[in-house]
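Given next are the chains, with one letter for each unit.
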2 protein chains.
Amino acid sequence: MTHPSVIRPADHAAYAPDKMGKTTIFESARLLVGLNAFEPGQEHSLHAHAGQDKVYHVLEGEGVFLLETQELSMVAGDLLVAPEGVPHGVRNTGESRLLVLAILAPSPVRT
Amino acid sequence: MTHPSVIRPADHAAYAPDKMGKTTIFESARLLVGLNAFEPGQEHSLHAHAGQDKVYHVLEGEGVFLLETQELSMVAGDLLVAPEGVPHGVRNTGESRLLVLAILAPSPVRT
């Protein structure tokens, strides 16, 4: 039986010149583990997920994270939870790349 | 409305002299975000969760992670997924403390 093995998240980062890059590391019905990769100046605008909690964990760089009406400065190592229904977003306000681990539970419904 | 704010995981680590220390950072029905804190030599023996996926993310230190029959060396920054039903465990084989972010989805049933 094949299982996931050790993952070095940064090896899976996919940056894109036009918008935030997204990568999926693991996905089941219960859980999605992904990466959001931001070039300087890129952002993911405020949005919400009904019935899904999201965990952001900053792996590299720094940025401003939006959580409802709050703007929170975060650096590598910091973690933020956006509970279901709470609007959240990210802006790379730094001068270097921003890499964020994004975990959603349960997994988004694919249509 | 009060929401979680920026979390610096290491600030919440709880080490114990007799066994692995556990801390809960966030919990809902969908998700549990916690910390497993290991002094040198401490371990969490092989166990499995029916119907729950677990993500391990090493924050500090190094150790051996067990995934079914595999023994995987992991260091800070490395990530491992134990899908539901797959036995997993942790041994701090290093000379310093091992701090691991442990995310379970859905949350364990509390009895």
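Residues numbered from 1 in each chain as written. Chains lettered and ligands numbered in written order. Predicted model: local features only at pLDDT ≥ 70, side-chain atom pairs only at ≥ 80, totals over all residues. Heavy atoms only, no water.

## Quick word on the sheet that holds strand E1 (residues 21-27) of chain B
Residue and element names in this part refer to chain B.
Working step 1: The strand order across the open sheet formed by five strands is E1-E2-E9-E4-E7, and the pairing between neighbours is antiparallel. The sheet terminates laterally at E1 and strand E7 (79-82), the two strands that pair on one side only. Strand-to-strand twist of the sheet, defined as the mean angle between neighbouring strand axes without regard to direction, takes the value 20 degrees.
Working step 2: Both strand E2 (residues 32-38) and strand E9 (residues 98-105) contribute to a ladder of seven bridges, which runs antiparallel. Its bridge partner lying in E9, phenylalanine 38 is registered against leucine 98. (Pairing = 2+ DSSP bridges. Helix = DSSP H or I, 4+ residues; strand = E, 2+ residues; numbered from the N terminus. Axes fitted to C-alpha atoms, helices over the stretch in contact; angles between N-to-C directions.)

## Description of the packing of aromatic side chains
Residues and elements named next belong to chain A.
Working step 1: This model, assessed by the stated rule, comprises two aromatic pairs over all chains.
Working step 2: For the pair tyrosine 56 and phenylalanine 65, a centre-to-centre distance of 5.3 Å together with 70 degrees between the ring planes defines the contact as edge-to-face. Like phenylalanine 65, tyrosine 56 is buried.
Working step 3: Above the ring of tyrosine 15, the side-chain terminus of arginine 97 is found at 4.0 Å from the ring centroid. (Phe/Tyr/Trp six-rings, centres within 6.5 Å; stacked < 30°, edge-to-face > 60°. Buried < 20%, exposed > 50% of the residue type's maximum accessible area, 1.4 Å probe, protein only. Lys NZ or Arg CZ within 6 Å of the ring centre and 35° of its normal.)

## With respect to the interface of chain A and chain B
Working step 1: Counting residues at the interface gives 37 residues for chain A and 37 residues for chain B.
Working step 2: Around 2,900 Å² of area is buried between chain A and chain B when both sides are counted, 69% of it from carbon and sulfur atoms.
Working step 3: Run the count over chain A and chain B and you get four salt bridges.
Working step 4: Between the two partners, chain A and chain B, sit eight residue pairs in polar contact (both at pLDDT 80 or more).
Working step 5: Going through the elements one at a time, strand E4 (53-60), strand E6 (70-75), strand E7 (79-82) and strand E9 (98-105) of chain A are the ones with two or more residues in the side of chain A that touches chain B. (Contact = heavy atoms within 4.5 Å. Buried area = accessible area lost by both parts, 1.4 Å probe. Salt bridge = Lys/Arg side-chain N within 4 Å of Asp/Glu carboxyl O. Polar contact = N/O pair within 3.5 Å; in protein donor to acceptor, adjacent residues only side chain to side chain.)

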